[in-house]
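Each chain is listed here by its residues.
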Amino acid sequence: MEKVPPPDSRIDMERVPAHIAIIMDGNGRWAKQHGKTRSQGHEAGARNVRVVTEACRELGVRALTLFAFSTENWNRPQKEVDDLFRLISRAMQQYANRIHETDVRLRHLGDLDGLPKSAANDVRKCMDLTSDNKTMDVCVALNYGGRAELVRAARRLADEAARGNIAPEDITEDTLAQHLYLPEHSEVDLLIRTSGELRISNFMLWQISYAEIVVTPTLWPDFDAQALYDAVIAYQSRDRRFGGRP
Ligand code: FPP
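Residues numbered from 1 in each chain as written. Predicted model: local features only at pLDDT ≥ 70, side-chain atom pairs only at ≥ 80, totals over all residues. Heavy atoms only, no water.

## Here we look at the site of the ligand
The full set close to the ligand counts 16 residues, and Asp25, Gly28, Arg29, Arg38 and Arg76 are the nearest of them. Within the backbone of glycine 28, a nitrogen or oxygen atom sits 3.0 Å from an oxygen atom of the ligand. Contacts to the ligand include arginine 76, whose side-chain N or O atom sits 2.8 Å from an oxygen atom. Out of a free accessible area of 630 Å², the ligand has 91% covered by protein chains. Taken atom by atom, the bulk of the ligand overlaps the largest pocket. Put simply, the parts of the chain that give the shell around the ligand at least two residues each are helix H1 (27–33), helix H2 (38–59) and helix H3 (78–101). Looking at the shell around the ligand element by element, the count peaks at 4 residues for H2. Its residues assigned to classes, the shell around the ligand shows 6 nonpolar, 6 polar and 4 charged. (Near = heavy atom within 4 Å. Polar contact = N/O pair within 3.5 Å; in protein donor to acceptor, adjacent residues only side chain to side chain. Areas by Shrake-Rupley, 256 points an atom, 1.4 Å probe, with all protein chains shown as cover. 1 Å grid on protein atoms, 1.4 Å probe; cavity = no way out; pocket = protein on both sides within 12 Å on 5 of 7 lines; lining within 4 Å. Sits in = over half its atoms within 2 Å of the grid points. Helix = DSSP H or I, 4+ residues; strand = E, 2+ residues; numbered from the N terminus. Nonpolar A, V, L, I, M, F, W, Y, C, P; charged D, E, K, R; others polar.)

## Quick notes on the layout of surface pockets
As a volume, the largest pocket reaches approximately 820 Å³. Elements represented by at least two residues in the lining of the largest pocket include exactly H1, H2, strand E2 (63–70), H3, strand E3 (104–109) and strand E4 (136–144). Of the residues that constitute the lining of the largest pocket, the class distribution is 21 nonpolar, 10 polar and 10 charged. Counted as a void, the second largest pocket has a volume near 160 Å³. Lining the second largest pocket are Glu173, Asp174, Ala177, Gln178, Pro183, Ser186, Glu187, Trp206, Ser209 and Tyr210. (Points joined across faces, edges and corners; volume = space filled by probe spheres on them.)

The structure is reproduced here in structure tokens:
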């Protein structure tokens, strides 16, 4: 398998974002540009997941979160939804060993039970296989919505309060963050959106509070390792103040 190029020498390897999240947009437009079907566009997009995962690993990124299927994506035509899940299943089967060999762990955020059974099983198998890996987490958001994640956290906290395990006044930002899908990755440093749209689309609403945002016109299937390195260079040129003064 083709190797990704080593990190761009302009990158300061001491200040690499620990958590990168990506809204992978533009598969449909890429397909149109290349005279292909939407399904082929999504296939090209799925192939690119491996490339970007490996580039992140080269950089020493700790977590990469990918928006693969939103709670709103069910509104697409049934055929496209079926194609997407077939593809996600295939990607899980094909990449499981590759991810495993490189010590990458697969995680999931969203409602897995709402997925077609075979796709959910393939995701679970890949998570089981890679569960002890330590170098990096790839977190796929499938059947995920940021508001739904916050409602789930609120319900869990309300349930604990009703049982008398926590007092309402003890609920803090930290306790809420602990009830998100993947609490250990509750801060995003760099949020990338491909294909130019200036929207958050209900993605990681809590976790992106202080993320640096990079929007690139590049369509997701064309977003290669160098494009990722360029986004990290842009991130490193920013002055992160977290609401304070420099
Ligand atoms: C957006 O393109 C892309 C999606 C809705 C699906 C993204 C899913 C993948 C790339 C497969 C994921 C696979 C794994 C292994 C995580 P679009 O259809 O909205 O493009 P358009 O806006 O140009 O029409």
